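Observations on the three-dimensional arrangement
Each chain is listed here by its residues.
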Amino acid sequence: MLRRRTTPDELNLRQRRRIRSGRQQFLQPAEESPEQHGLVRANYGLNSEVENEQGEQFRCAVRETIEGNPAAGDRVVWRQSGTGQGVIETILPRRSELRRPTSQGRWQTVAANLDRLIVVFSPDRFLMGLADRYLIAAAVAHIEPILIVNKQDLLRGRELRPYRQQLKQDLKVYRRMGYAARLVSAHSGKGLAWLTQQLAGQTTLLVGQSGVGKSSLIRHWITDEVIRIGAVNTIGRGRQTTAVSRLYHLPSGGHLIDSAGIRALALQGIPAHQVASYFRDVAGYADRCRFTDCRHDAEPGCAVQQAVAQGKIDPRRLVSLHAIADSLATHGDGTLLLQD
Ligand SMILES: Nc1nc2c(ncn2[C@@H]2O[C@H](COP(=O)(O)OP(=O)(O)OP(=O)(O)O)[C@@H](O)[C@H]2O)c(=O)[nH]1
Ligand SMILES: [Zn+2]
């Protein structure tokens, strides 16, 4: 059936708004081109960058019947609507995702279909509390977390020995719980062969505070040119927009997703008293507390407090647990702020 093009007079208010906001792609008859599968490389709010199965990039609008937003790592069904343009019709079911609350009070998917979450620290700021927040987010999303402390090369020298020892001890606390936790250096290359193995064939999101060396690490796998092209692509129609995350292909297979500073993650409403179940070293004791909703504070019959007193649990773990439980209770809506 031939479809008559809509004349400008027939545009409804919604369509006019779309044109003003740069969503002209909708005016083209995307319905006439065949559906294809694609991979979302980045999302810019109104548009997403989608890669087809031949590796070509398309700037795609999002069909408004879609709930939520496409994110780096998403598999989608889309149709081409013009040269280098298309429309995302469906976001295929995700095997995992990480979301964050937006300033408009909505939830935004930051990255999808993740296998691994690499949390990067620098040696002067290995924050257990922050590590624990990411570990909970990863556990809730069924993503394998890896903790790394970058800039290991800065820890050389005798005067830094006590500091180096302390950091190693801290990482050991996590390794004993079964987490991968390592010192690496983007500059000297230490630990990067191991990290490369962890990434092979996986979809990995890299997160961490500003200045910890995320970009330096990414440059170990992705060439500057590819990164630069990605940055140029962030220029939207007339207005510069930055993607919250961007996917790169790894030479070893798999994908690496770079995130621009995530300040909070949203979890599926974990009640504050359940936080302990995500602390691998605490969970076993928490099960034995007298009260099922024990906050492991000053309650009688608290097996966790007892384990701390007996030196079986590092007391800092409990400080971190209480801070996270308080934070969840304060925000009350499952929002886990990465920094309070
Ligand atoms: N000594 C040392 N310096 C490093 C290492 N990795 C990164 N740096 C330095 O740390 C600074 C910050 O590195 P970036 O890679 O820009 O950090 P980032 O995490 O991407 O920072 P944002 O872009 O702000 O999020 C730069 O001056 C790097 O040269 C390392 O392994 N050793
Ligand atoms: Zn208790």
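What you see as residue numbers is a count from 1 along each chain, following the sequence as written. Ligands are numbered from 1 and chains lettered from A, in the order in which they are written. It should be noted that, the model being predicted, local features are given only for residues of pLDDT at least 70 and side-chain atom pairs only at 80 or more, the latter also being counted only at that level, while totals for whole chains, interfaces and linings use all residues. The basis for the side-chain values is all heavy atoms of the structure; hydrogens and waters are excluded.

Turning our eyes to something else, we now look at a positive patch on the surface. Where like charges cluster on the molecular surface, the positive patch consists of Arg161, Lys168, Lys172, Arg175, Arg176, Arg182 and Lys190. Only runs of H or I of at least four residues qualify as helices and only runs of E of at least two qualify as strands under DSSP, and these elements are numbered from the N terminus. Sort the elements by how many residues they give to the positive patch and helix H3 (residues 161–176) lands first, with 5 residues. Secondary-structure assignment places Lys168 in helix H3. Exposed residues in this analysis have more than 50% of their type's maximum accessible area, buried residues have under 20%, and partly exposed residues fall in between, with area computed by a 1.4 Å probe over protein chains only. Assessed through its relative accessible area of 42%, Lys168 is described here as partly exposed. Excluding any residue in a salt bridge, patches collect residues exceeding 30% relative accessible area, merging like charges within 9 Å and nonpolar Val, Leu, Ile, Met, Phe, Trp and Tyr side chains within 5 Å. The Shrake-Rupley method, run with a 1.4 Å probe sphere, supplies the accessible areas, and residue values consider only the shown protein chains as cover. A pairing counts as a salt bridge when a side-chain nitrogen of Lys or Arg comes within 4 Å of a carboxyl oxygen of Asp or Glu. In this tally Asp and Glu are treated as negative and Lys and Arg as positive; neither His nor the chain ends contributes. Charge positions come from single atoms, namely NZ of Lys, CZ of Arg, CG of Asp or CD of Glu.

All right, on to the coordination of the zinc ion (ligand 2) then. Each metal's donors are the N, O and S atoms within 2.8 Å of it, or within 3.2 Å when it is Na, K or Ca, and because water is not part of the set, sites may look incomplete. Around the zinc ion (ligand 2), the protein contributes the donor atoms Cys289 (SG), Cys294 (SG), His296 (ND1) and Cys302 (SG), at 2.1 to 2.4 Å from the metal centre. Each of the 4 donor atoms bound to the zinc ion (ligand 2) contributes to angles spanning 99 to 118°, and the resulting shape is tetrahedral. Of note, the zinc ion (ligand 2) draws all its donor residues from one chain, in the sequence arrangement C-x4-C-x1-H-x5-C. Here Cys302 lies in the loop between helix H7 (280–286) and helix H8 (303–309) and Cys289 lies in the loop between H7 and H8, a separation of 13 residues in the sequence. Only four donors with every angle between 85 and 135 degrees are called tetrahedral; only four or six donors with opposite donors over 155 degrees apart and all others between 65 and 115 are called square planar or octahedral, in that order; all others are irregular.

All right, on to empty space enclosed by the protein then. Lining residues are defined by having an atom within 4 Å of a point belonging to a cavity or pocket. Those points lie on a 1 Å grid over the protein atoms alone, cavities being sets where a 1.4 Å probe fits but cannot get out and pockets being open sets with protein on both sides within 12 Å along at least five of seven lines. Grid points are joined across faces, edges and corners, and a volume is the space filled by probe spheres set on the points. With the rule as written, the count across this model stands at 1 cavity of 30 Å³ or more. Taken as a whole, the largest cavity holds about 50 Å³ of empty space. Looking at the largest cavity, the residues that line it are Asp132, Leu135, Ile136, Met177, Tyr179, Tyr278, Phe279, Arg280 and Arg317. With 3 residues, helix H2 (residues 128–140) is the single largest residue contributor to the lining of the largest cavity. Classes in brief: Ala, Val, Leu, Ile, Met, Phe, Trp, Tyr, Cys and Pro nonpolar; Asp, Glu, Lys and Arg charged; the others, Gly included, polar. Across the lining of the largest cavity, the residue classes tally to 6 nonpolar, no polar and 3 charged.

Further remarks concern the pattern of salt bridges. The full count for this structure, using the stated rule, is 14 salt bridges. Between Asp124 and Arg125 there is a salt bridge, and its shortest N-O distance comes to 3.9 Å. Residue classification places Asp124 among the exposed residues on the basis of a relative accessible area of 54%. Relative accessible area serves as the criterion here: at 31%, Arg125 is assigned to the partly exposed category. If you follow the salt bridges from partner to partner, you end up with Glu35, Arg63, Arg79 and Glu89 in one network.

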